Amino acid sequence: MPNQDNNPQGPAGKSRRDFLKKSTALAALTIASPVLVKAAENDEKIAALFEQMPLRLEVNGVAHTLSVEPRVTLLDLLREQLHLMGTKKGCDHGQCGACTVHVDGKRINSCLSLAVMNEGKKITTIEGLAIGDKLHPMQEAFIKHDGFQCGYCTPGQIMSAVCCVKEGHANNADEIREYMSGNICRCGAYPNIVDAIIEVKKGGQSL
Amino acid sequence: MINFDYIRTFTTKAAVDAKVKSASSQFIAGGTNLVDLMKKGVTSPDKLIDINGLPLKQITADAKGILIGALALNSEVAENAIIKTKYPLLAAALNAGASPQLRNMATVGGNMMQRTRCSYFYDITMPCNKREPGSGCGALQGQNRMHAIFGTSEKCIAVHPSDMCVALAALDASVHISGPKGDRKILFTDFHRLSGDTPELDNNLQKGELITGIHIPANAFNKTHYLKIRDRASYAFALVSVAAALEISGNTINNAKLAMGGVAHKPWRLTAVEKFLTGKPANKETFTAAANMAMEGANTFGQNNFKIKMGKAAVTEALQQAAQKI
Ligand SMILES: Cc1cc2nc3c(=O)[nH]c(=O)nc-3n(C[C@H](O)[C@H](O)[C@H](O)COP(=O)(O)OP(=O)(O)OC[C@H]3O[C@@H](n4cnc5c(N)ncnc54)[C@H](O)[C@@H]3O)c2cc1C
Ligand code: FES
Ligand code: FES
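It should be emphasised that the depicted structure is a prediction, and the values quoted were computed from it without experimental measurement.

Thresholds, definitions, all that
Every residue gets a number counted from 1 within its own chain, in the order that chain's sequence is written. Chains carry letters and ligands carry numbers; both start at the beginning, A for chains and 1 for ligands, and go up in the order they are written. Side-chain atom pairs in this predicted model are given and counted only at pLDDT of 80 or more, local residue features only at pLDDT of at least 70, and totals for whole chains, interfaces and linings cover all residues. Hydrogens and water are ignored here; the side-chain numbers use all heavy atoms of the structure. The helix count covers DSSP runs of H or I at least four residues long, the strand count covers runs of E at least two residues long, and both are numbered beginning at the N terminus. Exposed residues in this analysis have more than 50% of their type's maximum accessible area, buried residues have under 20%, and partly exposed residues fall in between, with area computed by a 1.4 Å probe over protein chains only. The contact rule is simple, with two residues in contact once any of their heavy atoms fall within 4.5 Å. What sets the accessible areas is the Shrake-Rupley method with a 1.4 Å probe; for residues, cover comes only from the shown protein chains. For the purpose of counting charges, residues Lys and Arg are taken to be positive, whereas Asp and Glu are taken to be negative. His and the chain ends are not included. By convention, charge coordinates are those of NZ in Lys, CZ in Arg, CG in Asp, or CD in Glu. Between rings of Phe, Tyr and Trp, where Trp is taken as its six-membered ring, a pair exists when centres lie within 6.5 Å; planes separated by under 30 degrees are stacked, by over 60 edge-to-face, and by other angles tilted. Comment: the charge-over-ring label is applied if NZ (Lys) or CZ (Arg) is within 6 Å of the ring centre and within 35 degrees of the ring normal. Any pair of N or O atoms that falls within 3.5 Å is considered a polar contact. Within protein, one atom must be able to donate a hydrogen and the other to accept it, and sequence-neighbouring residues count only if both atoms are side-chain atoms. Near is defined per residue: the residue qualifies when any heavy atom it owns lies within 4 Å of the molecule or strand. Classes in brief: Ala, Val, Leu, Ile, Met, Phe, Trp, Tyr, Cys and Pro nonpolar; Asp, Glu, Lys and Arg charged; the others, Gly included, polar. As used here, the term nonpolar core means buried Ala, Val, Leu, Ile, Met, Phe, Trp, Tyr and Cys residues forming a set that is joined through side-chain atoms within 4.5 Å. For this analysis, a salt bridge means a side-chain nitrogen from Lys or Arg found within 4 Å of a carboxyl oxygen belonging to Asp or Glu. By construction, the arc corresponds to the directions joining the helix axis to the C-beta atoms. pLDDT measures the predictor's confidence residue by residue and takes values from 0 up to 100. Only strands joined by at least two bridges in the DSSP assignment are considered to pair. Axis geometry follows a simple rule: fit a line to the C-alpha atoms, using only the stretch in contact for helices, then measure angles between N-to-C directions, giving values from 0 to 180 degrees.

Colleague: Would you mind showing me how to read the overall build of chain A here?
Modeller: The number of helices and strands found in chain A is 8 helices and 6 strands. When its helices and strands are written in sequence order, chain A yields β-α-α-α-β-β-α-β-β-β-α-α-α-α. Relative to its full complement of 207 residues, chain A shows a buried share of 45%. Across chain A, contacts joining residues at least 24 apart in sequence account for 56% of those joining residues at least 6 apart. Surface exposure of chain A reaches about 10,300 Å², of which carbon and sulfur atoms provide 56%.

Colleague: How do you make sense of the overall build of chain B when you look at a structure like this?
Modeller: The helix and strand tally for chain B stands at 12 helices and 12 strands. Taken along its principal axes, the extent of the C-alpha atoms in chain B is 60 × 50 × 35 Å. Expressed as a percentage of its 326 residues, the buried residues of chain B come to 55%. Expressed as a percentage of contacts within chain B between residues at least 6 apart in sequence, the contacts between residues at least 24 apart total 64%. Looking at chain B as shown, the accessible area adds up to about 13,200 Å², and 54% of this sits on carbon and sulfur atoms. Between the centroid of the 37 positive side chains of chain B and the centroid of its 25 negative side chains there is a distance of 2 Å.

Colleague: Is there a simple way to explain the packing of aromatic side chains in this structure?
Modeller: For any pair of aromatic rings, the description rests on two quantities: the centre-to-centre distance and the angle between the ring planes. All names here are of chain B. As enumerated under the stated definition, the model contains 2 aromatic pairs over all chains in all. Measuring from centroid to centroid gives 6.2 Å for F121 and Y122, while their planes differ by 80 degrees, and the two rings are edge-to-face. Across this residue pair, the class does not change: F121 and Y122 are buried. Relative to W268, the ring of F150 lies with its centre 5.1 Å away and its plane at 5 degrees, an arrangement referred to as stacked. Taken together, the positions of F150 in the loop between α8 (119-122) and α9 (164-170) and W268 in strand β12 (residues 268-269) put the pair 118 residues apart, joining distant regions of the chain. A single burial state applies to F150 and to W268, both of which are buried. Lying across the ring of F27, K19 places its NZ or CZ 4.7 Å from the centre.

Colleague: I keep staring at the side chain of N118 of chain A and nothing clicks. Help me out?
Modeller: Residue and element names in this part refer to chain A. Mapped onto the elements, N118 comes out in the loop between β5 (106-109) and β6 (122-124). Among the residues examined, N118 registers a relative accessible area of 3% and is labelled buried. Side-chain polar atoms of N118 contact the backbone oxygen of L114, separated by 3.0 Å.

Colleague: Please explain the site of ligand 1 as it appears in this structure.
Modeller: Within the structure, ligand 1 sits among 36 residues, and F27, G31, T32, T107 and D163 of chain B are positioned closest to it. Nearby residues place ligand 1 at the junction of chains A and B. Between an oxygen atom of ligand 1 and a main-chain N or O atom of N33 of chain B, the distance comes to 2.9 Å. Only β2 (25-28), α7 (108-113) and β8 (210-217) of chain B provide two or more residues apiece to the shell around ligand 1. Here the shell around ligand 1 takes 4 residues from α7 of chain B, the largest share from any one element. Of the residues in the shell around ligand 1, the class split is 17 nonpolar, 16 polar and 3 charged.

Colleague: Help me out: how do you make sense of the nonpolar core in this one?
Modeller: One recurring pattern in soluble globular proteins is that nonpolar side chains are buried together. Of all hydrophobic cores here, the largest spans 39 residues; its most connected members are L90, M112, V175, F188, I214 and I216 of chain B. The element best represented in this core is α9 of chain B, accounting for 7 residues. Sequence-distant contacts of I214 of chain B, defined by excluding residues within four places in its chain, comprise I66, L67, I68, V108, M112, L168, A173, S174, V175 and F188 of chain B. Within the second largest apolar cluster, 34 residues are counted, among which are L55, L82, V116 and M117 of chain A.

Colleague: Even after reading the chapter, I still don't get the interface of chain A and chain B, so can you show me in this structure?
Modeller: Taken residue by residue, the interface counts 35 residues in chain A and 36 residues in chain B. Taken together, the links from chain A to chain B amount to 3 salt bridges. Residues R8 of chain B and E119 of chain A are paired through a salt bridge, measuring 4.0 Å at the closest nitrogen-oxygen approach. At the junction of chain A and chain B, the tally comes to 18 residue pairs in polar contact (both at pLDDT 80 or more). If you list the elements that add at least two residues to the side of chain A that touches chain B, you get α3 (43-49), β5 and α7 (173-179) of chain A. Examining the composition of the side of chain A that touches chain B, we find that 4 residues originate from one element, β5 of chain A, more than from any other.

Colleague: Would you mind going over helix α5 (residues 137-144) of chain A with me for this structure?
Modeller: Owing to its 3.6 residues per turn, the α-helix brings residues three or four apart onto one side. Residues and elements named next belong to chain A. For α5, every residue scored as buried is listed here: M138, Q139, A141 and F142. Projected down its long axis, α5 carries its buried residues within an arc of 165 degrees, all on one side. The outward face of α5, more than 90 degrees from its buried face, is lined by the exposed residues I143 and K144. Structurally, α5 contributes buried residues whose contacts are with α6 (154-166) and α8 (190-203). D146 sits one or two residues past α5 and shows a positive phi near 55 degrees.

Colleague: Could you clarify how one ought to interpret the confidence of the model for chain B in this entry?
Modeller: Where the model shows low pLDDT, its predicted coordinates should not be examined in detail. Averaged over all residues, the pLDDT of chain B equals 98, while 100% of them reach at least 70. Both confidence scores are given for the complex: pTM 0.92, ipTM 0.97.

Colleague: Would you mind going over the sheet that holds strand β6 (residues 174-179) of chain B with me for this structure?
Modeller: Backbone hydrogen bonds are what pair the strands of a sheet, in a parallel or an antiparallel way. Residues and elements named next belong to chain B. Across the sheet, which stays open at both edges, the 5 strands sit in the order β4-β5-β8-β6-β7 with antiparallel pairing between neighbours. Single-partner strands in this sheet number two, and they are β4 (59-62) and β7 (182-187). Each strand axis lies, on average, 20 degrees off the axis of its neighbour in the sheet, ignoring direction. In the sheet, β6 pairs with β7 via 6 bridges, with the strands oriented antiparallel.

Written out as C-alpha cells, the structure is:
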C-alpha cells in the first residue's frame, strides 16, 4: 500500500507553534507592554492551543500520515490538505449531506467530524468509488437516469445512495426517500435519484 | 472555530478526571451537536475530551430490561434486533430523528445532551438567557413558532429538540451516571430540567459527570407509536411529537405511557392522562378526551398558538395509530 507523507507545516518545516513563540517574544521585546510580556510568559500555554496532532488514516486505499490541528474537520482535511475536491461543502453544519463520505463503510457527514477523531479509520470518498476507468454501478445509474442538474449535491447523493442500498433501506421508493432524506438537492433531481437507486437495487450487484 | 486542546480517553475515570481538571473542557462523542455549536461560536471549550475510546458501546438485555451504553450510535440502537422487537417505540423515535448519516455519528449520551435549536440560542448576536444568562429572551416576543407551550418561564421558552428522549421518558428509563463522587442512577424524567430561573442548565448532570448508559425496564406494551409532525416529511426537528405506549387486552387499556416532544424544555410526560386512560376502552372517544386533557394548562406565545390544536390532533392520532398496531 502506498504511503504518502503530507506534513504541511510551512516551508521551513517549522510549526505554527514555533512561529507563534518567536513572534510573541519579538513583539514583547519591541513594545514591551505589560500585556504582551504576560503573553510571552504564557507562551507555552498559548502555543499548546495551536499544536498540530499526528493523524494516521487511510483514504481510498492510500495510507496517510498527517499532522493536523484538532479543529480541522474531516471535510476540510480531504479538500484542503489531501486535495480531494469531490466531497463538497454545502452547509458545513450537517444539514445538507453534500459532504457525505464513508468511514469504515458507514456514511457520515464529514463536516461535523473532527479529522483527529478518525485516527486509524478507512475513509472512502467519491474519488474512491470507481475502479480504474470503470465507474461504480451507482455512478452509472445516476448518469443513465439523469440524477442531477448542477451536480453539486451529487457526490454526497451517490455516497449516501451506495450505503442506502447496502444497509437494506432501498426496498421501495418511499423507503428510499426516507433514507435519502439526509441529502438535499437544490435542483430538485429527487425523482431521478430515486429511479437510479431503484435500478441499482434491482440489479443486485455487490456494491 | 476557535482552536482547542484535544485528548483521547480510554476509561471512564480518565474522562471524568480530565473533565474535573479543566473547567472549560467538554466531552465529545459523535460531535454532531458540539462541532456545530463550536463553528457557530455558541460554545468554545478550551479542551475536548474524546470519549469514543471508552467501553460504553454495548447493548445488553436480560429479563429485567435493556442497558444501552452511552456511546451506542443512534443507528445501532435503532437497528438492534432486541430494541426493534421489544422496544419498538425507541427504534421509531430514533429513526424519526436527524438523517441516516447523522444517526451513524450521534450517540445515545450525546443525543440526551444536545442543546436547543432555538434560533436566538444559535445566533450569538441575539439575546438569550440560555447562552448568556441575564441577556434576555429574544423568543418571548420574537420568532417563537418552534417554542414551548408547557412549563415555560419568562426567562426561556426553548424546547428540548430530541426525539429519542421523548420515547425514553415514556418508557420509564433511567440514566446511569459516573462522576468524581462515584456512580449514580436517576430517572430519565428527572434528568432534563424546566427552564425556570436557570435556563442555562438543560439537565441535572453535575460537574465532571459522564453519562455511561440508559436502562429501560422490560414492559408489556403491545401497542406503541411515535408520531412526529414537522415542516417537511423527514430530516427536520419536531413541531410536536408524541410517544404512546399502550397495553391493551380485549379492548381495554390496562396500562398507558404518554410523552410529548417539541412542547417543553424537557420531554413532556403526561402522567395525569396516563391515569385517565387506564381501564378505559380503546376508542376514539377515549383518545379525544385524553388529547383534550393533554393540552390543559398550555401557554402560547403568538407564533406557536397552533401547537395547541396540533398537539390535540397529534395525541389523538398517536393513540389511535398505537391501538391499531397488530
Ligand atoms: C441537521 C441536524 C438535524 C437533526 N435533527 C434531529 C432530529 O430531528 N431529532 C433529534 O432528536 N436530533 C436531531 N439532531 C441532533 C442529533 O440527534 C444530535 O446532534 C446528536 O444526537 C448528538 O449526539 P453526539 O454523540 O453527536 O453528541 P456530541 O455533539 O458529541 O455531544 C453533544 C453534547 O453532549 C455531551 N456529551 C456527549 N456524550 C456524553 C456523555 N456520555 N456524558 C456526558 N456528556 C456527553 C458533549 O459534551 C456535548 O456537550 C439533528 C442534528 C443535526 C445536525
Ligand atoms: S456540508 Fe456537511 S451536511 Fe452540508
Ligand atoms: S443537482 Fe444541483 S443541487 Fe442537486
